[in-house]
Structures are given as structure tokens and as C-alpha cells.
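Chain residues, written in single-letter form:
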Amino acid sequence: MTDLGERVAILRDEILDVVSGGSEDAPAVAIFDAIVRTLSAGLDTALGLDLTLHDAVARRLAWGDTEQAILDDASLVFTRLARAAQRALRDPDEEMLVLEAAADVVCSTSRILGLAAVGRAGRDRAATLREELAQRRLREALDEQAHNLQRLQAEVAPSDFE
């Protein structure tokens, strides 16, 4: 299985569509590397949370990439890898293992994005509730001040004219 991971890693530049500038800044590098790690470790041992992939996705989200852009990158890597595996691998079983590993990584990427979106929605909801509470307190304070001003004006006005 390790040999399969190394053979797929050779296809990196083709799959990532890397120009001469290098591949480290290509958006889908983390997704492709996760597929290679999965193939190198074996599908049974690699299932579960890939912390490197999780960190890479979280970093992209933190830098302002949208969930859709990351999913598009994952889809593009899967599509290109499927074509490259069909062309480069002669054994259908190996091709199937590559596709299974790629599907697992794309699903993991989707799961990470889904959890991030749910977390963000919860934080946004809490922020909205805090803002609404602050606005209500401010309105109450302004109403109380207006009431106090009216009371003070009523008390002071008659005594000024006497």
C-alpha cells in the first residue's frame, strides 16, 4: 500500500495543476496530501480525523476562503485524481483503492467544513443575542433617563417661576 501512496504522490503536479512557482501555495495541496497520507497509511488505519487536514481547512477558513471554495478544490482534486489514476494505474484494484481514499478525504473535508459552519452559526447566534440584549438594556436606560428628566423638569419648572 505504501508503494501506491508513493506512486500517487508522483502525480501531484499534474493533479494540482502546479506551475513552476511551486505547489505549497496551491489551494488544494492539503487535500491531495491527505489522500497520499491515507494511501500510505492504509485505508483501515487512516480512517477518522486527519488533524493535518483539519488544521489546513481551519487555516483556509481563517484566511477568508469560503466553504464553497474549499469544497470546489476538493472536488477538483478528486476529479483530476480519478482521471490520473485511470490513466496511470493498470490494476483496477489499485485504482479503486485510490478512489476510495480520495472519497474518504473529500468526505472528511466536507465533515470538517460542516462542523465549522455549525460552530460559526452558534457563535453568530450568540453574538446576535448579546447584541439584542445590549440594545434592550440601552433602550431601558434611555427610557429611564427620559422619565427622570421629565420628573426633574416638572419639579424644577414651577419653583423657577415663583
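About the thresholds
- Residues numbered from 1 in each chain as written.
- Predicted model: local features only at pLDDT ≥ 70, side-chain atom pairs only at ≥ 80, totals over all residues.
- Heavy atoms only, no water.
- Helix = DSSP H or I, 4+ residues; strand = E, 2+ residues; numbered from the N terminus.
- Contact = heavy atoms within 4.5 Å.
- Axes fitted to C-alpha atoms, helices over the stretch in contact; angles between N-to-C directions.
- Parallel < 35°, antiparallel > 145°, perpendicular 65-115°, else oblique.
- Left-handed = near helix turned anticlockwise from the far one by under 90°.
- Nonpolar A, V, L, I, M, F, W, Y, C, P; charged D, E, K, R; others polar.
- Salt bridge = Lys/Arg side-chain N within 4 Å of Asp/Glu carboxyl O.
- Buried < 20%, exposed > 50% of the residue type's maximum accessible area, 1.4 Å probe, protein only.
- Core = buried A, V, L, I, M, F, W, Y, C linked by side-chain atoms within 4.5 Å.

Caption draft 1: Layout of the side chain of T109. Note that T109 resides in helix α7 (residues 92–160). Here T109 is in contact with I31, L53, V57, I70 and A74, once residues within four sequence places are set aside.

Caption draft 2: Representation of the packing of helix α5 (residues 51–62) against helix α6 (residues 67–88) within the structure. In contact at an axis separation of 10 Å, α5 and α6 are set at 135 degrees when each is read in the N-to-C sense. In terms of orientation, α5 lies oblique with respect to α6. Regarding α5 and α6, the two cross each other, and that crossing is right-handed. Counting all contacts with α5, which are made through V57, R60 and L61, the residues of α6 involved are E67, A69, I70 and D73. A class-by-class count of the residues in the contact of α5 with α6 yields 4 nonpolar, no polar and 3 charged.

Caption draft 3: Local environment of the pattern of salt bridges. Counted by the stated rule, this structure contains 4 salt bridges. Note that R60 and D73 form a salt bridge whose closest N and O atoms lie 2.6 Å from each other. Here the residue R60 occupies a position in helix α5, and D73 occupies one in helix α6, the gap between them amounting to 13 residues. Each member of the pair, R60 as well as D73, carries the same accessibility label: buried. The salt bridge partner of E67 is R120, with a shortest N-O separation of 2.4 Å. One end of the pair, E67, is in helix α6; the other, R120, is in helix α7, and 53 residues separate them in sequence. Salt bridges sharing partners connect three or more residues here, namely R60, D65 and D73.

Caption draft 4: Geometry of the nonpolar core. Judged by nonpolar contacts, the single largest core of 29 residues is most densely connected at V8, F32, I35, V77, L81 and V98. Mapped by element, the contributors of at least two residues to this core are α1 (2–9), α2 (12–16), α3 (29–41), α5, α6 and α7. Aside from chain neighbours lying at most four places away, what touches L81 is V8, I15, F32, I35, V98 and A102.

Caption draft 5: Summary view of the environment of V8. Locating V8 in the fold gives a position in helix α1. Look at V8 and you get buried, because its relative accessible area is 1%. The sequence separation of V8 and A88 amounts to 80 residues, and the corresponding C-alpha distance is 8.8 Å. In contact with V8, other than residues within four places in its own chain, are F32, V36, L39, L81 and V98.

Caption draft 6: Region of interest: the packing of α3 against α5. At their nearest, the axes of α3 and α5 sit 10 Å apart, and the two run at 175 degrees to each other. Of the possible angle classes, the one that applies to α3 and α5 is roughly antiparallel. Residue-level inspection shows A30, I31, A34 and R37 of α3 in contact with α5, the latter providing T52, L53 and A56. When grouped by side-chain class, the residues that make up the contact of α3 with α5 number 5 nonpolar, 1 polar and 1 charged.

Caption draft 7: View of the environment of I70. Along the chain, I70 turns up in helix α6. For the pair I70 and I31, spaced 39 residues apart in the sequence, the C-alpha separation amounts to 9.3 Å. Ignoring sequence-local partners within four residues, the contact set of I70 consists of I31, V57, R60, L61, D65, T109 and L113.

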